[in-house]
Amino acid sequence: MKSHVRHWKVVCLPLCVVGLVVTLVTWASSSPVDKFPRPLTVTERNAFTDSVQQVDQFFEKQWAEKKTPPASTVSELTQLRRLSLALHGTVPSLEEIREFESLQGANRLERWTQKLLADRRFADYFSERFTRAFVGVAQGQFIIFRRDRFKAWLSDQIQENTPYDELVRKLIAGEGIWTGDPETNFITSAVADGNLDRNKLTGSTVRAFLGQRIDCAQCHDHPFDHWKQSDFEGLTAFYGQVEVQVLGVRSNKKLKYEVEDRMTLEQREVAPRVPFLNECLPAEGTLRERLAEWVTHPDNRRFERASANRVWGLLFGIPYIDPVDDLPAPTDLSQSPAGLLDILGQDFRENGYDIKRLIQIIVASRPFQLSSESAFESAEQIDAATYNWALFPLVRLRPEQIIGAMLQASSLKTIDQNSNLIMRGRRFFSELNFVKEYGDLGSDELNDFPGTIPQALLRMNGEFAKDNSSASPLNSVGRIASLDVSAEKRIETCYLVCLTRLPTTEERDYFLKQYQSAKNQQQRVKVTEDLYWALYNSPEFSWNH
(Lines give C-alpha, C1' and ligand atoms only; values in the text may rest on other atoms or scores of the structure.)
Protein backbone atom coordinates (compact mmCIF):
# COMPACT_ATOMS: atom_id res chain seq x y z
CA MET A 1 0.00 0.00 0.00
CA LYS A 2 2.78 2.38 1.00
CA SER A 3 4.60 1.58 -2.22
CA HIS A 4 1.41 2.38 -4.16
CA VAL A 5 1.11 5.79 -2.47
CA ARG A 6 4.78 6.60 -3.18
CA HIS A 7 4.21 5.70 -6.81
CA TRP A 8 1.30 8.17 -7.12
CA LYS A 9 3.37 10.85 -5.40
CA VAL A 10 6.17 10.37 -7.91
CA VAL A 11 3.68 10.67 -10.79
CA CYS A 12 1.55 13.52 -9.42
CA LEU A 13 4.27 15.80 -8.09
CA PRO A 14 5.82 16.62 -11.52
CA LEU A 15 2.31 17.05 -12.97
CA CYS A 16 1.43 19.51 -10.21
CA VAL A 17 4.63 21.48 -10.83
CA VAL A 18 3.95 21.61 -14.58
CA GLY A 19 0.35 22.64 -13.93
CA LEU A 20 1.50 25.42 -11.60
CA VAL A 21 4.01 26.71 -14.16
CA VAL A 22 1.40 26.66 -16.94
CA THR A 23 -1.05 28.52 -14.70
CA LEU A 24 1.52 31.19 -13.81
CA VAL A 25 2.60 31.67 -17.42
CA THR A 26 -1.04 31.91 -18.53
CA TRP A 27 -1.77 34.45 -15.82
CA ALA A 28 1.35 36.44 -16.68
CA SER A 29 0.43 36.38 -20.33
CA SER A 30 -3.07 37.70 -19.83
CA SER A 31 -3.50 41.17 -21.33
CA PRO A 32 -5.38 43.86 -19.43
CA VAL A 33 -5.52 45.89 -22.62
CA ASP A 34 -8.33 46.08 -25.10
CA LYS A 35 -6.97 45.08 -28.48
CA PHE A 36 -9.51 47.18 -30.29
CA PRO A 37 -9.87 50.66 -28.75
CA ARG A 38 -13.11 52.57 -29.05
CA PRO A 39 -13.29 54.31 -32.47
CA LEU A 40 -13.94 58.06 -32.64
CA THR A 41 -17.58 59.13 -32.96
CA VAL A 42 -18.68 61.33 -35.89
CA THR A 43 -18.67 64.55 -33.83
CA GLU A 44 -15.29 63.79 -32.29
CA ARG A 45 -13.92 62.87 -35.70
CA ASN A 46 -14.98 66.16 -37.30
CA ALA A 47 -13.32 68.18 -34.54
CA PHE A 48 -10.25 65.95 -34.74
CA THR A 49 -9.99 66.39 -38.52
CA ASP A 50 -10.44 70.15 -38.21
CA SER A 51 -7.52 70.37 -35.78
CA VAL A 52 -5.26 68.28 -38.01
CA GLN A 53 -6.17 70.50 -40.96
CA GLN A 54 -5.34 73.62 -38.96
CA VAL A 55 -1.90 72.22 -38.19
CA ASP A 56 -1.35 71.29 -41.84
CA GLN A 57 -2.51 74.69 -43.06
CA PHE A 58 -0.16 76.40 -40.62
CA PHE A 59 2.83 74.55 -42.06
CA GLU A 60 1.72 74.83 -45.71
CA LYS A 61 1.52 78.60 -45.31
CA GLN A 62 4.94 78.66 -43.67
CA TRP A 63 6.52 76.50 -46.38
CA ALA A 64 5.06 78.75 -49.09
CA GLU A 65 6.24 81.96 -47.39
CA LYS A 66 9.75 80.58 -46.82
CA LYS A 67 9.85 79.03 -50.31
CA THR A 68 10.78 75.71 -48.75
CA PRO A 69 8.88 72.85 -50.40
CA PRO A 70 8.16 69.94 -48.05
CA ALA A 71 9.80 66.56 -48.54
CA SER A 72 7.81 63.67 -49.92
CA THR A 73 5.60 61.49 -47.74
CA VAL A 74 7.28 58.38 -46.39
CA SER A 75 5.92 54.86 -46.58
CA GLU A 76 3.51 53.48 -44.01
CA LEU A 77 6.21 51.15 -42.71
CA THR A 78 8.50 54.09 -41.93
CA GLN A 79 5.65 55.82 -40.11
CA LEU A 80 5.01 52.57 -38.25
CA ARG A 81 8.64 52.56 -37.05
CA ARG A 82 8.41 56.21 -35.95
CA LEU A 83 5.21 55.53 -34.02
CA SER A 84 6.65 52.52 -32.20
CA LEU A 85 9.84 54.38 -31.28
CA ALA A 86 7.91 57.44 -30.08
CA LEU A 87 5.15 55.66 -28.16
CA HIS A 88 6.80 52.41 -27.01
CA GLY A 89 10.51 53.16 -27.25
CA THR A 90 11.20 50.27 -29.58
CA VAL A 91 10.87 49.16 -33.20
CA PRO A 92 7.81 47.16 -34.27
CA SER A 93 8.15 43.40 -34.21
CA LEU A 94 7.73 41.25 -37.30
CA GLU A 95 4.51 40.02 -35.71
CA GLU A 96 3.21 43.62 -35.49
CA ILE A 97 4.31 44.43 -39.03
CA ARG A 98 2.37 41.45 -40.37
CA GLU A 99 -0.67 42.41 -38.28
CA PHE A 100 -0.54 45.97 -39.60
CA GLU A 101 -0.22 44.78 -43.19
CA SER A 102 -3.33 42.64 -42.71
CA LEU A 103 -5.47 45.63 -41.70
CA GLN A 104 -8.06 46.51 -44.30
CA GLY A 105 -9.83 49.78 -45.07
CA ALA A 106 -8.89 53.44 -44.85
CA ASN A 107 -7.06 55.22 -42.01
CA ARG A 108 -5.26 52.10 -40.86
CA LEU A 109 -2.34 54.18 -39.53
CA GLU A 110 -4.81 56.16 -37.43
CA ARG A 111 -6.36 52.96 -36.11
CA TRP A 112 -2.91 51.53 -35.44
CA THR A 113 -1.99 54.66 -33.46
CA GLN A 114 -5.07 54.15 -31.28
CA LYS A 115 -3.99 50.56 -30.70
CA LEU A 116 -0.49 51.64 -29.64
CA LEU A 117 -1.94 54.26 -27.28
CA ALA A 118 -4.18 51.66 -25.61
CA ASP A 119 -1.21 49.32 -25.10
CA ARG A 120 0.25 49.35 -21.59
CA ARG A 121 3.70 49.85 -23.10
CA PHE A 122 2.71 53.41 -24.04
CA ALA A 123 1.72 54.31 -20.47
CA ASP A 124 4.91 52.78 -19.07
CA TYR A 125 7.15 54.46 -21.63
CA PHE A 126 5.59 57.92 -21.35
CA SER A 127 5.50 57.73 -17.55
CA GLU A 128 9.32 57.48 -17.57
CA ARG A 129 9.51 60.49 -19.91
CA PHE A 130 7.22 62.56 -17.67
CA THR A 131 8.99 61.36 -14.52
CA ARG A 132 12.27 62.68 -15.88
CA ALA A 133 10.68 66.04 -16.65
CA PHE A 134 8.93 66.34 -13.29
CA VAL A 135 11.44 64.95 -10.76
CA GLY A 136 14.59 64.10 -12.74
CA VAL A 137 16.50 60.82 -12.58
CA ALA A 138 18.15 61.07 -9.14
CA GLN A 139 16.96 58.66 -6.46
CA GLY A 140 16.69 61.52 -3.95
CA GLN A 141 16.35 61.39 -0.19
CA PHE A 142 16.35 57.82 1.07
CA ILE A 143 12.97 56.43 2.20
CA ILE A 144 10.85 59.59 1.73
CA PHE A 145 11.32 59.75 -2.06
CA ARG A 146 10.11 56.76 -4.03
CA ARG A 147 10.75 57.38 -7.72
CA ASP A 148 9.51 53.91 -8.63
CA ARG A 149 6.14 54.54 -6.94
CA PHE A 150 5.88 57.94 -8.62
CA LYS A 151 6.56 56.48 -12.06
CA ALA A 152 4.08 53.62 -11.51
CA TRP A 153 1.42 56.11 -10.40
CA LEU A 154 2.03 58.23 -13.51
CA SER A 155 1.75 55.13 -15.67
CA ASP A 156 -1.66 54.34 -14.15
CA GLN A 157 -2.84 57.91 -14.71
CA ILE A 158 -1.74 57.81 -18.34
CA GLN A 159 -3.32 54.41 -18.90
CA GLU A 160 -6.61 55.72 -17.47
CA ASN A 161 -6.20 58.84 -19.62
CA THR A 162 -6.54 61.18 -16.64
CA PRO A 163 -6.87 64.77 -17.91
CA TYR A 164 -3.41 66.32 -17.85
CA ASP A 165 -4.51 69.42 -15.90
CA GLU A 166 -6.01 67.18 -13.20
CA LEU A 167 -2.80 65.16 -13.05
CA VAL A 168 -0.70 68.32 -12.61
CA ARG A 169 -2.97 69.64 -9.85
CA LYS A 170 -2.51 66.37 -7.95
CA LEU A 171 1.26 66.76 -8.20
CA ILE A 172 1.39 70.32 -6.92
CA ALA A 173 -1.29 70.04 -4.20
CA GLY A 174 -1.08 66.37 -3.21
CA GLU A 175 -0.92 65.35 0.43
CA GLY A 176 -0.17 62.05 2.13
CA ILE A 177 2.48 59.38 2.36
CA TRP A 178 4.91 58.97 -0.57
CA THR A 179 4.10 55.25 -0.77
CA GLY A 180 0.31 55.36 -0.43
CA ASP A 181 -0.09 58.69 -2.25
CA PRO A 182 2.72 58.47 -4.82
CA GLU A 183 1.95 61.88 -6.37
CA THR A 184 3.45 63.47 -3.23
CA ASN A 185 6.87 62.31 -4.41
CA PHE A 186 6.83 65.41 -6.59
CA ILE A 187 7.19 67.36 -3.32
CA THR A 188 9.61 64.98 -1.57
CA SER A 189 11.91 64.93 -4.62
CA ALA A 190 13.00 68.37 -3.44
CA VAL A 191 14.11 67.09 -0.02
CA ALA A 192 17.88 66.96 0.51
CA ASP A 193 19.69 66.30 3.78
CA GLY A 194 16.35 66.39 5.56
CA ASN A 195 15.45 69.87 4.31
CA LEU A 196 12.75 70.74 1.78
CA ASP A 197 14.18 72.94 -0.97
CA ARG A 198 11.21 75.14 -1.85
CA ASN A 199 13.22 77.04 -4.44
CA LYS A 200 13.80 73.78 -6.31
CA LEU A 201 10.07 73.07 -6.26
CA THR A 202 9.34 76.48 -7.75
CA GLY A 203 11.90 76.03 -10.51
CA SER A 204 10.57 72.53 -11.34
CA THR A 205 6.95 73.71 -11.36
CA VAL A 206 7.55 76.58 -13.74
CA ARG A 207 9.89 74.66 -16.06
CA ALA A 208 7.86 71.44 -16.26
CA PHE A 209 4.34 72.86 -16.45
CA LEU A 210 4.71 76.38 -17.85
CA GLY A 211 7.79 75.95 -20.04
CA GLN A 212 9.69 78.82 -18.45
CA ARG A 213 13.15 79.01 -16.90
CA ILE A 214 13.12 81.45 -14.03
CA ASP A 215 15.61 79.67 -11.77
CA CYS A 216 18.18 82.46 -12.01
CA ALA A 217 15.58 84.86 -10.55
CA GLN A 218 16.06 82.99 -7.29
CA CYS A 219 19.18 85.14 -6.73
CA HIS A 220 18.69 88.17 -8.99
CA ASP A 221 16.42 89.70 -11.59
CA HIS A 222 16.55 87.80 -14.91
CA PRO A 223 19.17 89.51 -17.11
CA PHE A 224 17.36 88.91 -20.42
CA ASP A 225 13.70 88.47 -19.52
CA HIS A 226 11.14 90.29 -17.46
CA TRP A 227 11.30 87.90 -14.48
CA LYS A 228 12.18 89.60 -11.20
CA GLN A 229 13.55 88.09 -8.04
CA SER A 230 10.34 89.15 -6.33
CA ASP A 231 8.40 87.01 -8.87
CA PHE A 232 10.38 83.93 -7.88
CA GLU A 233 9.98 84.62 -4.17
CA GLY A 234 6.23 85.19 -4.56
CA LEU A 235 5.79 81.86 -6.35
CA THR A 236 7.97 80.04 -3.83
CA ALA A 237 5.80 81.37 -1.02
CA PHE A 238 3.00 79.09 -2.28
CA TYR A 239 5.15 76.20 -1.08
CA GLY A 240 5.84 78.01 2.20
CA GLN A 241 3.29 76.04 4.22
CA VAL A 242 4.17 72.56 2.98
CA GLU A 243 6.04 70.33 5.40
CA VAL A 244 7.32 66.78 5.17
CA GLN A 245 6.78 64.77 8.33
CA VAL A 246 6.58 61.15 9.41
CA LEU A 247 2.91 61.18 8.45
CA GLY A 248 3.76 62.43 4.98
CA VAL A 249 3.35 65.65 3.03
CA ARG A 250 1.07 68.11 4.81
CA SER A 251 0.05 71.77 4.74
CA ASN A 252 0.64 73.71 7.94
CA LYS A 253 -1.13 77.07 7.94
CA LYS A 254 1.02 78.25 10.82
CA LEU A 255 4.14 78.26 8.69
CA LYS A 256 5.33 81.48 7.06
CA TYR A 257 7.72 81.76 4.16
CA GLU A 258 10.67 83.96 5.01
CA VAL A 259 13.89 84.88 3.20
CA GLU A 260 16.96 86.76 4.29
CA ASP A 261 17.01 90.37 3.12
CA ARG A 262 20.36 91.01 1.46
CA MET A 263 20.42 94.63 2.54
CA THR A 264 19.51 94.25 6.21
CA LEU A 265 20.46 90.55 6.59
CA GLU A 266 17.23 90.13 8.51
CA GLN A 267 14.45 87.65 7.82
CA ARG A 268 11.45 89.09 6.01
CA GLU A 269 8.15 87.39 5.30
CA VAL A 270 7.16 86.89 1.67
CA ALA A 271 3.50 86.82 0.69
CA PRO A 272 2.34 84.39 -2.03
CA ARG A 273 2.07 86.20 -5.35
CA VAL A 274 1.85 85.21 -9.01
CA PRO A 275 3.78 87.18 -11.65
CA PHE A 276 0.91 87.44 -14.14
CA LEU A 277 -2.77 86.56 -14.58
CA ASN A 278 -3.58 87.40 -10.99
CA GLU A 279 -7.27 87.14 -11.88
CA CYS A 280 -6.78 83.39 -12.42
CA LEU A 281 -5.62 82.85 -8.84
CA PRO A 282 -8.51 81.49 -6.73
CA ALA A 283 -9.18 83.01 -3.31
CA GLU A 284 -10.06 79.72 -1.60
CA GLY A 285 -8.03 76.61 -0.82
CA THR A 286 -4.61 75.85 0.56
CA LEU A 287 -1.69 77.75 -0.92
CA ARG A 288 -0.67 74.79 -3.08
CA GLU A 289 -4.25 74.19 -4.24
CA ARG A 290 -4.44 77.83 -5.31
CA LEU A 291 -1.10 77.58 -7.12
CA ALA A 292 -2.22 74.38 -8.87
CA GLU A 293 -5.44 76.03 -10.05
CA TRP A 294 -3.50 79.05 -11.34
CA VAL A 295 -0.93 76.94 -13.22
CA THR A 296 -3.65 74.89 -14.96
CA HIS A 297 -6.20 77.69 -15.41
CA PRO A 298 -7.72 77.64 -18.94
CA ASP A 299 -6.64 81.27 -19.42
CA ASN A 300 -3.04 80.46 -18.55
CA ARG A 301 -1.92 79.67 -22.11
CA ARG A 302 1.63 78.96 -20.99
CA PHE A 303 0.35 75.66 -19.55
CA GLU A 304 -1.23 74.36 -22.75
CA ARG A 305 1.62 75.64 -24.95
CA ALA A 306 4.26 74.03 -22.74
CA SER A 307 2.32 70.74 -22.75
CA ALA A 308 2.00 70.73 -26.54
CA ASN A 309 5.70 71.55 -26.99
CA ARG A 310 6.82 68.72 -24.69
CA VAL A 311 4.59 66.13 -26.38
CA TRP A 312 5.76 67.34 -29.81
CA GLY A 313 9.33 66.84 -28.63
CA LEU A 314 8.67 63.32 -27.41
CA LEU A 315 7.17 62.36 -30.77
CA PHE A 316 9.80 63.97 -33.03
CA GLY A 317 12.80 63.64 -30.72
CA ILE A 318 13.23 67.42 -30.56
CA PRO A 319 10.69 70.01 -29.35
CA TYR A 320 9.03 72.50 -31.69
CA ILE A 321 10.66 75.30 -29.71
CA ASP A 322 14.02 74.42 -28.25
CA PRO A 323 14.76 74.28 -25.34
CA VAL A 324 11.55 72.65 -24.23
CA ASP A 325 11.42 74.58 -20.95
CA ASP A 326 12.19 78.10 -22.12
CA LEU A 327 9.33 79.22 -24.34
CA PRO A 328 8.62 82.80 -25.37
CA ALA A 329 5.59 84.44 -23.79
CA PRO A 330 2.29 83.82 -25.64
CA THR A 331 1.39 86.47 -28.17
CA ASP A 332 -1.88 88.41 -28.24
CA LEU A 333 -4.01 86.34 -30.63
CA SER A 334 -6.17 89.37 -31.40
CA GLN A 335 -3.07 91.04 -32.83
CA SER A 336 -1.20 88.14 -34.44
CA PRO A 337 -2.11 84.78 -36.01
CA ALA A 338 -2.01 81.64 -33.92
CA GLY A 339 1.23 79.68 -33.95
CA LEU A 340 1.54 75.91 -33.87
CA LEU A 341 1.58 75.70 -30.07
CA ASP A 342 -1.50 77.93 -29.92
CA ILE A 343 -3.39 75.63 -32.32
CA LEU A 344 -2.40 72.46 -30.50
CA GLY A 345 -2.87 74.09 -27.09
CA GLN A 346 -6.39 75.25 -27.89
CA ASP A 347 -7.46 71.79 -29.02
CA PHE A 348 -5.78 70.30 -25.93
CA ARG A 349 -7.71 72.66 -23.64
CA GLU A 350 -11.07 72.40 -25.39
CA ASN A 351 -10.93 68.59 -25.36
CA GLY A 352 -10.24 67.99 -21.71
CA TYR A 353 -6.43 68.07 -21.78
CA ASP A 354 -6.47 64.64 -23.40
CA ILE A 355 -2.85 63.55 -23.92
CA LYS A 356 -3.74 60.69 -26.27
CA ARG A 357 -5.82 62.97 -28.49
CA LEU A 358 -2.97 65.50 -28.63
CA ILE A 359 -0.62 62.73 -29.76
CA GLN A 360 -3.06 61.52 -32.41
CA ILE A 361 -3.36 65.01 -33.88
CA ILE A 362 0.40 65.50 -34.07
CA VAL A 363 1.15 62.14 -35.70
CA ALA A 364 -1.71 62.62 -38.18
CA SER A 365 -0.29 65.97 -39.33
CA ARG A 366 1.95 66.32 -42.37
CA PRO A 367 5.28 67.06 -40.61
CA PHE A 368 5.21 63.62 -38.94
CA GLN A 369 4.67 61.95 -42.31
CA LEU A 370 7.43 63.71 -44.24
CA SER A 371 10.63 62.06 -45.33
CA SER A 372 13.96 62.96 -43.74
CA GLU A 373 15.51 62.84 -47.23
CA SER A 374 15.40 65.72 -49.67
CA ALA A 375 16.69 66.81 -53.06
CA PHE A 376 18.27 69.94 -51.62
CA GLU A 377 21.93 70.31 -52.53
CA SER A 378 23.24 72.99 -50.19
CA ALA A 379 23.59 72.81 -46.43
CA GLU A 380 21.73 76.12 -46.14
CA GLN A 381 18.70 74.69 -47.95
CA ILE A 382 18.69 71.60 -45.75
CA ASP A 383 19.00 73.73 -42.61
CA ALA A 384 16.12 75.94 -43.75
CA ALA A 385 13.95 72.91 -44.51
CA THR A 386 14.77 71.36 -41.15
CA TYR A 387 14.13 74.62 -39.30
CA ASN A 388 10.71 74.96 -40.96
CA TRP A 389 9.79 71.28 -40.39
CA ALA A 390 9.70 70.65 -44.16
CA LEU A 391 11.84 67.56 -43.38
CA PHE A 392 11.38 65.00 -40.65
CA PRO A 393 14.31 65.70 -38.30
CA LEU A 394 17.10 63.14 -38.13
CA VAL A 395 17.42 62.34 -34.44
CA ARG A 396 19.76 59.91 -32.71
CA LEU A 397 17.83 57.30 -30.70
CA ARG A 398 17.94 57.72 -26.95
CA PRO A 399 19.65 54.92 -24.96
CA GLU A 400 16.42 53.24 -23.91
CA GLN A 401 15.22 53.34 -27.53
CA ILE A 402 18.46 51.72 -28.68
CA ILE A 403 18.21 48.85 -26.22
CA GLY A 404 14.45 48.53 -26.82
CA ALA A 405 15.04 48.27 -30.57
CA MET A 406 17.94 45.81 -30.14
CA LEU A 407 15.91 43.59 -27.83
CA GLN A 408 12.82 43.63 -30.04
CA ALA A 409 14.88 42.89 -33.14
CA SER A 410 16.16 39.78 -31.38
CA SER A 411 12.64 38.34 -31.34
CA LEU A 412 10.14 37.76 -34.13
CA LYS A 413 7.27 37.99 -31.68
CA THR A 414 6.27 41.15 -29.85
CA ILE A 415 7.92 41.71 -26.49
CA ASP A 416 5.25 43.30 -24.32
CA GLN A 417 3.08 42.69 -21.26
CA ASN A 418 1.89 39.50 -22.96
CA SER A 419 5.40 38.06 -23.15
CA ASN A 420 6.49 35.44 -20.68
CA LEU A 421 8.11 36.47 -17.42
CA ILE A 422 11.58 35.46 -18.58
CA MET A 423 11.44 37.71 -21.64
CA ARG A 424 10.03 40.65 -19.68
CA GLY A 425 12.67 40.20 -16.99
CA ARG A 426 15.37 40.07 -19.65
CA ARG A 427 14.15 43.34 -21.09
CA PHE A 428 14.00 45.04 -17.70
CA PHE A 429 17.52 44.11 -16.62
CA SER A 430 19.03 44.53 -20.10
CA GLU A 431 17.69 48.07 -20.27
CA LEU A 432 19.06 48.93 -16.84
CA ASN A 433 22.54 47.62 -17.64
CA PHE A 434 22.69 49.00 -21.16
CA VAL A 435 21.54 52.52 -20.23
CA LYS A 436 24.09 52.54 -17.41
CA GLU A 437 26.93 51.62 -19.80
CA TYR A 438 25.66 53.65 -22.77
CA GLY A 439 25.10 56.81 -20.73
CA ASP A 440 21.87 58.20 -19.32
CA LEU A 441 20.68 61.51 -20.78
CA GLY A 442 18.98 62.49 -17.53
CA SER A 443 16.12 64.96 -17.40
CA ASP A 444 17.36 66.93 -20.45
CA GLU A 445 16.77 64.06 -22.85
CA LEU A 446 15.14 66.28 -25.49
CA ASN A 447 18.33 68.26 -25.99
CA ASP A 448 20.65 67.34 -28.83
CA PHE A 449 23.40 64.93 -27.78
CA PRO A 450 26.41 63.60 -29.68
CA GLY A 451 27.17 59.95 -30.23
CA THR A 452 30.48 58.66 -28.93
CA ILE A 453 32.92 55.99 -30.04
CA PRO A 454 32.44 53.96 -26.81
CA GLN A 455 28.70 53.95 -27.48
CA ALA A 456 29.24 52.65 -31.03
CA LEU A 457 31.65 49.99 -29.73
CA LEU A 458 29.13 48.93 -27.09
CA ARG A 459 26.51 48.38 -29.78
CA MET A 460 28.96 46.51 -32.01
CA ASN A 461 30.87 44.41 -29.48
CA GLY A 462 28.82 44.37 -26.31
CA GLU A 463 27.70 41.07 -24.82
CA PHE A 464 24.07 41.88 -25.58
CA ALA A 465 24.76 42.51 -29.26
CA LYS A 466 26.96 39.43 -29.49
CA ASP A 467 24.29 37.17 -27.99
CA ASN A 468 21.54 38.53 -30.22
CA SER A 469 23.46 38.34 -33.49
CA SER A 470 24.60 34.73 -32.95
CA ALA A 471 22.07 32.22 -34.24
CA SER A 472 20.22 30.23 -31.60
CA PRO A 473 16.80 28.55 -31.46
CA LEU A 474 15.60 31.32 -29.14
CA ASN A 475 16.47 34.43 -31.15
CA SER A 476 15.37 35.88 -34.47
CA VAL A 477 18.69 35.17 -36.24
CA GLY A 478 18.42 31.47 -35.52
CA ARG A 479 14.76 31.33 -36.46
CA ILE A 480 15.26 33.26 -39.71
CA ALA A 481 18.21 31.04 -40.62
CA SER A 482 16.13 27.91 -40.04
CA LEU A 483 13.12 29.06 -42.08
CA ASP A 484 12.35 26.95 -45.11
CA VAL A 485 12.16 29.92 -47.45
CA SER A 486 14.14 31.33 -50.34
CA ALA A 487 17.27 33.40 -49.75
CA GLU A 488 15.40 36.43 -51.11
CA LYS A 489 12.64 35.99 -48.52
CA ARG A 490 15.23 35.50 -45.79
CA ILE A 491 16.89 38.82 -46.69
CA GLU A 492 13.54 40.60 -46.68
CA THR A 493 12.73 39.23 -43.23
CA CYS A 494 16.05 40.44 -41.79
CA TYR A 495 15.43 43.95 -43.15
CA LEU A 496 11.89 44.06 -41.77
CA VAL A 497 12.97 42.85 -38.33
CA CYS A 498 15.89 45.29 -38.02
CA LEU A 499 14.94 48.33 -40.13
CA THR A 500 11.15 47.96 -40.67
CA ARG A 501 11.57 48.18 -44.44
CA LEU A 502 12.26 46.01 -47.43
CA PRO A 503 15.75 45.95 -48.96
CA THR A 504 16.50 47.96 -52.07
CA THR A 505 17.32 46.08 -55.27
CA GLU A 506 21.03 46.76 -54.80
CA GLU A 507 20.97 45.53 -51.20
CA ARG A 508 19.00 42.40 -52.12
CA ASP A 509 21.33 41.54 -55.00
CA TYR A 510 24.42 41.94 -52.83
CA PHE A 511 23.25 39.55 -50.13
CA LEU A 512 21.79 37.11 -52.66
CA LYS A 513 25.32 36.62 -53.95
CA GLN A 514 26.47 35.87 -50.40
CA TYR A 515 23.81 33.19 -50.01
CA GLN A 516 24.53 31.73 -53.46
CA SER A 517 28.19 31.33 -52.53
CA ALA A 518 27.29 29.35 -49.39
CA LYS A 519 27.82 25.63 -49.89
CA ASN A 520 25.96 24.20 -46.91
CA GLN A 521 23.48 25.10 -44.16
CA GLN A 522 26.23 26.10 -41.74
CA GLN A 523 27.57 28.67 -44.20
CA ARG A 524 24.04 29.96 -44.87
CA VAL A 525 23.58 30.47 -41.14
CA LYS A 526 26.86 32.41 -41.08
CA VAL A 527 25.63 34.65 -43.93
CA THR A 528 22.42 35.33 -41.99
CA GLU A 529 24.44 36.21 -38.89
CA ASP A 530 26.64 38.59 -40.90
CA LEU A 531 23.62 40.21 -42.56
CA TYR A 532 21.89 40.62 -39.24
CA TRP A 533 25.01 42.05 -37.56
CA ALA A 534 25.49 44.56 -40.40
CA LEU A 535 21.88 45.80 -40.13
CA TYR A 536 22.07 45.82 -36.36
CA ASN A 537 25.05 48.16 -36.44
CA SER A 538 24.06 50.33 -39.38
CA PRO A 539 23.52 54.06 -38.77
CA GLU A 540 19.94 53.59 -39.99
CA PHE A 541 19.22 51.30 -37.03
CA SER A 542 20.30 53.85 -34.40
CA TRP A 543 18.58 56.95 -35.80
CA ASN A 544 14.97 58.02 -36.05
CA HIS A 545 14.33 59.19 -39.57
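Here the structure is a predicted model, which means the values were calculated and not measured.

With that settled, the discussion passes to the pattern of salt bridges. As enumerated under the stated definition, the model contains 34 salt bridges in all. Between Glu-488 and Arg-508 there is a salt bridge, and its shortest N-O distance comes to 3.4 Å. Of the two residues, Glu-488 is situated in helix H23 (residues 487-499) and Arg-508 in helix H24 (residues 505-517); the sequence distance between them amounts to 20 residues. Its relative accessible area of 37% is what places Glu-488 among the partly exposed residues. Of the charged contacts in the structure, one is a salt bridge between Glu-492 and Lys-489, with a shortest N-O distance of 3.8 Å. Of the two residues, Glu-492 and Lys-489 both sit in helix H23, three residues apart, roughly one turn of that helix. Under the relative-accessibility criterion, Glu-492 is labelled buried at 18%. When salt bridges that share partners are traced, they join Glu-128, Arg-132, Arg-147 and Lys-151 into one network.

You can see Ser-411 is positioned in the loop between helix H18 (399-409) and helix H19 (421-438). Within the local environment of Ser-411, its side chain forms a polar contact with the backbone oxygen of Lys-413, the two atoms lying 2.9 Å apart.

Let us now look at the nonpolar core. With 134 residues, the main nonpolar core has Phe-134, Phe-209 and Leu-315 as its most contacted residues. Beyond its immediate stretch of four places on either side in the chain, Leu-315 contacts Ala-86, Leu-87, Phe-126, Ile-359, Ile-362, Val-363 and Phe-368.

With that out of the way, let us pick up unusual backbone geometry. Of note, the bond from Asp-322 into Pro-323 is cis; its omega dihedral lies within 30 degrees of zero at 0°. With respect to the helices and strands, the residue Pro-323 is situated in the loop between helix H13 (301-316) and helix H14 (340-350). Of note, Lys-67 is a non-glycine position whose phi angle comes to about 55°, a positive value. Summarising the element assignment, Lys-67 is placed in the loop between helix H2 (42-65) and helix H3 (76-88). Even without being a glycine, Thr-500 presents a positive backbone phi close to 55°. Note on placement: Thr-500 falls in the loop between H23 and H24. Given the relative accessible area of 1%, Thr-500 is considered buried.

Cut-offs and rules
Within each chain, residue numbers correspond to sequence positions counted from 1 in written order. Restriction of local features to residues with pLDDT of at least 70 applies here, the model being predicted, together with a cutoff of 80 or more for giving and counting side-chain atom pairs; totals for whole chains, interfaces and linings are based on all residues. Side-chain numbers here rest on the full set of heavy atoms in the structure, without hydrogens or water. For this document, the term salt bridge refers to a Lys or Arg side-chain nitrogen within 4 Å of an Asp or Glu carboxyl oxygen. Only DSSP runs of H or I with at least four residues qualify as helices, and only runs of E with at least two residues qualify as strands; both kinds are numbered from the N terminus onward. Partly exposed describes any residue whose relative accessible area lies between the buried limit of under 20% and the exposed limit of over 50%, with all areas from a 1.4 Å probe on protein chains only and scaled to the type maximum. N or O atoms closer than or at 3.5 Å make up a polar contact, with two conditions inside protein: a donor-capable atom paired with an acceptor-capable one, and, for residues adjacent in sequence, both atoms drawn from side chains. The criterion is simple. A nonpolar core is a set of buried Ala, Val, Leu, Ile, Met, Phe, Trp, Tyr and Cys residues joined through side-chain atoms within 4.5 Å. Whether two residues touch is decided by their heavy atoms; if any such pair falls within 4.5 Å, the residues are in contact.

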